[in-house]
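# Chains, contacts and geometry: an overview
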Amino acid sequence: MNNDQISVRMVVLLLVGVLTVVVALYHPALGAAIGVGVVVVALLNELMGR
């Protein structure tokens, strides 16, 4: 994997994490914003690593 692929992967993970936190902040029933963001980013990181 070269540096371009790593940077694109990181940008995708960060964007999804931020979007998830924003959704959780505006809809508190979804759970704590930080917890939801961390879980989504961790799952995407695991899936993209395969």
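The preceding data block contains the structure.
We now turn to the structure provided with this report. (Residues numbered from 1 in each chain as written. Predicted model: local features only at pLDDT ≥ 70, side-chain atom pairs only at ≥ 80, totals over all residues. Heavy atoms only, no water.)

## Quick word on the overall build of the protein chain
Scanning the protein chain from N- to C-terminus turns up 2 helices and 0 strands. For the protein chain, the residues scored as buried account for 12% of the 50 residues in total. For the protein chain, the exposed surface amounts to about 3,900 Å²; the carbon and sulfur share of it is 73%. (Helix = DSSP H or I, 4+ residues; strand = E, 2+ residues; numbered from the N terminus. Buried < 20%, exposed > 50% of the residue type's maximum accessible area, 1.4 Å probe, protein only. Areas by Shrake-Rupley, 256 points an atom, 1.4 Å probe, with all protein chains shown as cover.)

## Observations regarding a nonpolar patch on the surface
Residues Val18, Val22, Leu25 and Tyr26 make up a contiguous nonpolar surface patch of about 440 Å² in total accessible area. Positionally, leucine 25 belongs in helix H1 (residues 3–26). (Patch = residues over 30% accessible without salt bridge, like charges linked within 9 Å, V, L, I, M, F, W, Y side chains within 5 Å. Salt bridge = Lys/Arg side-chain N within 4 Å of Asp/Glu carboxyl O.)

## A short note on the environment of alanine 33
Tracing the backbone shows alanine 33 in helix H2 (residues 33–48). Taking relative accessible area as the criterion, alanine 33 reaches 14% and is therefore assigned buried. Remark: the alpha-carbon pair of alanine 33 and valine 22, spanning 11 residues in sequence, is separated by 7.4 Å.

## With respect to the environment of leucine 44
Take leucine 44: it is sitting in helix H2. A relative accessible area of 24% means that leucine 44 is categorised as partly exposed. Along the primary structure leucine 44 and valine 12 are separated by 32 residues, whereas in three dimensions their C-alpha atoms are 9.2 Å apart. When residues no more than four places from it in sequence are discounted, the contact partners of leucine 44 are Leu13 and Val16. (Contact = heavy atoms within 4.5 Å.)

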